[in-house]
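Here is what each chain is made of, one letter per residue.
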Amino acid sequence: MVLLDVKNLRTYFDTKLGSVKAVDDVSFQLKRGEVLGLAGESGCGKTTTCLSIMRMIESPGRILGGEISYEFTPSVIKSYDGFYDRYLYDKVKPARESKKESTLFDEAVIDNILLKRGIKDRSNNLLDLTEAEMRRIRGKHIAMIFQGAMNALNPVHRVGNQIKEAIIIHNPDIDYKEAWSKVINILETVGIDSSRARDYPHQLSGGMKQRALIAMALVNNPQIVIADEPVTALDVIVQSQVLKATKELQRQFDLSMIMITHDLSVIAEVCETLAIMYAGRMVEYGKLRDVYKEPLHPYTEALISAFPSITGPKTELYDIGGLPPDLRNPPSGCRFHPRCSKVMPICSKEAPRTTKIRDGYVLCHLYQD
Ligand code: SF4
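What counts and how
Residues numbered from 1 in each chain as written. Predicted model: local features only at pLDDT ≥ 70, side-chain atom pairs only at ≥ 80, totals over all residues. Heavy atoms only, no water. Helix = DSSP H or I, 4+ residues; strand = E, 2+ residues; numbered from the N terminus. Buried < 20%, exposed > 50% of the residue type's maximum accessible area, 1.4 Å probe, protein only. Contact = heavy atoms within 4.5 Å. Areas by Shrake-Rupley, 256 points an atom, 1.4 Å probe, with all protein chains shown as cover. Near = heavy atom within 4 Å. Nonpolar A, V, L, I, M, F, W, Y, C, P; charged D, E, K, R; others polar. Polar contact = N/O pair within 3.5 Å; in protein donor to acceptor, adjacent residues only side chain to side chain. Pairing = 2+ DSSP bridges. Core = buried A, V, L, I, M, F, W, Y, C linked by side-chain atoms within 4.5 Å.

1. Examining the overall build of the protein
When you go through the protein residue by residue, the secondary structure sums to 13 helices and 12 strands. Scored against the burial criterion, the 369 residues of the protein give a buried share of 50%. Counting only contacts in the protein whose residues sit at least 6 apart along the sequence, the fraction spanning at least 24 positions is 68%. Carbon and sulfur atoms make up 51% of the accessible area of the protein, which totals about 18400 Å².

So this is what it looks like as structure tokens:
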């Protein structure tokens, strides 16, 4: 089941020197329980893509177009408390008395609720929701683990209180004791002793701070978690511990995840699907094994070759050469053409179209008819 369907997403940042085309025509899907790795060089648009999904793009950035369809499941519908309650008691009360609770969320009821809200389709575009509606989705149904645990946590509040705040925002009627016991539970689930709940961020190690952020993202039991470089700032031993914990939690909660990283080894460890971004575009997307074993796009191939092998013969480290382009004026045609080892005359003249291949797609003239 597809939970998130991103189509032709475009996010630009307006500057005095022109618009930075940070995300340009990006499309991908995320299924229930799937872990998607989003990789590419710094500045290629990975984080901007995910911040667009969360509708957290701030001025001078703006989402110009596209669609971010999110499958509205019963738990999401339930979170529209006010509307749902009104609808339930005015319209569905007779049905409630004659039927079992679970039937209240059958397809027809959900469609009716959405219809009343003026939402025609069950797969809805997050870009059409109001900010108030989006606040109910954010953190509750789609959560984000932010880059740099030290900056993401508030240094003057105890870690437990910061997690508690995330609970209270989405459950305003919850009492203090219940909220605190949820905090303790989630901290223990991510491997932090409950005694540390009253610590301030600076009292925790780097790995613990990262786990605390994971706890904050998971505490409301979201369907989708976006992890932005969750282990980049950690040393390899802590990295491995946090990745292991993340993987276990993903299985335990049946989470769908988007893992942003420029480290392909992290992706190989936790992801099933891989999307490669270059200069604001998604150039290759497919099953991890296919993309890793047989990369189709020359950029993916170069990115994988640039990753040193610890078992193979010692060779000089491969580098792609050149620099990522200025996204105010990206190169004409294929944006990778100034750095591509397989460049052809057409590449600088015409932008390649998406070619569906295997279970994904590639954006390269080499695969077009
Ligand atoms: Fe290279 Fe041309 Fe393919 Fe771009 S379209 S990646 S320049 S071969």
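There's more to say after this.
2. Thoughts on the site of the ligand
As a structural note, the neighbourhood of the ligand is formed by His 297, Pro 298, Cys 334, Phe 336, His 337, Cys 340, Lys 342, Cys 347, Cys 364, His 365 and Leu 366. Tallied by class, residues from the shell around the ligand come to seven nonpolar, three polar and one charged.

3. Thoughts on the side chain of Arg 339
Mapped onto the fold, Arg 339 is located in the loop between α13 (298-305) and β11 (354-357). Of the residues examined, Arg 339 reaches a relative accessible area of 12% and is grouped as buried. A distance of 3.3 Å separates a polar side-chain atom of Arg 339 from the backbone oxygen of Gly 322. In contact with Arg 339, other than residues within four places in its own chain, are Glu 41, Tyr 278, Ile 320, Gly 321, Gly 322, Leu 323 and Pro 324.

4. Section: the pairing of strand β10 (residues 281-287)
Most of β10 is tucked away, with six of its seven residues classed as buried. Bridge count between strand β9 (residues 273-278) and β10: six bridges; the pairing is antiparallel. Across the sheet, Tyr 278 pairs through a bridge with Arg 281, a residue of β10. Where β9 folds back onto β10 in an antiparallel hairpin, the turn is made up of two residues, including Ala 279, whose phi is positive at roughly 50°.

5. Describing the pairing of strand β8 (residues 256-261)
Across the six residues of β8, six count as buried, placing the element largely inside the fold. Neither face of β8 is left uncovered, since the one carrying Ser 256, Ile 258 and Ile 260 and the one carrying Met 257, Met 259 and Thr 261 both have all their residues buried. Bridge count for strand β3 (residues 35-39) against β8 is five bridges, and the pairing is parallel. Along β8, the bridge assignment pairs Leu 36 with Ile 258. Two strands pair when backbone bridges link them, and strand β7 (residues 224-228) and β8 are joined in this way by five bridges, in the parallel orientation. Within β8, the position partnered with Ala 227 by the bridge is Met 259.

6. Considerations on the nonpolar core
Core analysis: the largest hydrophobic core is formed by 60 residues, its most contacted members being Ile 163, Met 259 and Tyr 299. Ranked by residues supplied to this core, first place goes to helix α9 (residues 206-218) with seven residues. Not counting residues within four places of it along the chain, the set of residues in contact with Ile 163 comprises Val 183, Ile 186, Leu 187, Ala 212, Ala 215, Met 216 and Val 219. Core analysis: the next-biggest nonpolar cluster, separate from the first, contains 31 residues, Met 144, Ile 224, Ala 275 and Tyr 285 among them.

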